[in-house]
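# Architecture at a glance
Chain by chain, the residues run as shown.
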Amino acid sequence: MVAITLEDASALRQVTGEIFRNDCLDDFSIFETEFYDCAFVDCTFDGGKIGLSKFQNCRFTDCSFRDVKLLSCQFYDAEIEQRCVWSRCDLSDANLVDCDLSSNQLVACKGFMLRLENCTLSAAEIDIDLHRRVNARFNMGGMLCSRTSFFEARMKGQYLQGSTFEICDLRGADLGGCNLSSANFAGSNLNNTLLRNASLTSANLAHADIDELDFSQARSLDDLTISADQSETLLNYFGVKVLSP
């Protein structure tokens, strides 16, 4: 049986059990194709568009998705609980919109300036380098997330400094040991988020839901920014009493 290429697959409605190796789809588009039990190894999707497609029980290894646009794609099947696994993939400057990566596993990936909008990463395991090091020089990047769910996601020990989580759901997410310096959580739900040994130096929690957020195990809260409506919650949490004039 002759192996098909990614370009061949892009013209099909359904692809099952294929292994794509050292294939390239630079600036190419895949729309309305379903991939089942497929493996992608050393494949390049840079600058391409993948939309309205489904990936069930697929593995991506050493693939490049730099500057790719993923639109309304599903990488998780809730009915049979099958996820996708991403190993050592580069998602730098990628833009994901309305995508479901629930329970996906991202291992040793890159994601400088990764953008997520209206996506779902509930219960996902996320290990991703969001910054760049060029000739020993550190370039801070982060990821930009809007209206995205990280409900019970596991992100322990990640360097998320400078990242933006606007109106996101981080309830029950494990951010233990994370560097959250200068991160922006404006309008997000942080109830029951785990912050053990996390640094929130200069983080912005303005207008976030923090009524059930336990600050006690965070490593640093220096220069934290909150909104006026949150002041009573923080004062009560730390047992501070304010006397009337």
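What comes next is a walk through the structure.

### A closer look at the overall build of the protein
Across its full length, the protein holds two helices and 18 strands. Taking the principal axes of the C-alpha coordinates as reference, the protein spans close to 80 × 45 × 25 Å. In the protein, the proportion of contacts linking residues at least 24 apart, taken out of those at least 6 apart, comes to 22%. Taken as a whole, the protein presents about 12,100 Å² of accessible surface, with 46% of it coming from carbon and sulfur.

### Quick notes on the pairing of strand β17 (residues 143-146)
Across the two faces of β17 the burial differs, with Met143 and Cys145 buried and Leu144 and Ser146 not buried at all. Sheet topology places β17 next to strand β18 (residues 164-166); three bridges connect them, and they run parallel. Paired with Cys145 across the bridge in β18 is Phe165.

### Observations regarding the packing of aromatic side chains
The final tally for this structure, using the stated rule, is 17 aromatic pairs. Judged by centre distance (5.2 Å) and plane angle (55°), the ring pair of Phe75 and Trp86 falls under tilted. Taken as a pair, Phe75 in the loop between β9 (69-71) and β10 (85-87) and Trp86 in strand β10 lie far apart in primary sequence, 11 residues in all. The pair Phe75 / Trp86 is uniform in exposure class, with both members buried.

How each quantity is defined
Numbers given for residues are sequential positions, taken from 1 along each chain in its written order. Per-residue local features of the predicted model are confined to residues with pLDDT of at least 70, and side-chain atom pairs are confined, for both listing and counting, to 80 or more; whole-chain, interface and lining totals are unaffected and use all residues. With hydrogens and water stripped out, all remaining heavy atoms of the structure feed into the side-chain values. In DSSP terms, a helix is any run of H or I states spanning at least four residues, a strand is any run of E spanning at least two, and both are numbered starting from the N terminus. We call two residues contacting when some pair of their heavy atoms lies within 4.5 Å. Accessible areas in this description were obtained via Shrake-Rupley with a 1.4 Å probe; residue shielding takes into account the shown protein chains only. Partly exposed residues are those whose accessible area sits between 20% and 50% of the maximum for their type, while under 20% is buried and over 50% is exposed, using a 1.4 Å probe and protein chains only. Only strands that DSSP links by at least two bridges are regarded as paired with each other. Centre distance within 6.5 Å is the pairing criterion for rings of Phe, Tyr and Trp, where only the six-membered ring of Trp is used; planes under 30 degrees apart are then read as stacked, over 60 as edge-to-face, and the remainder as tilted.

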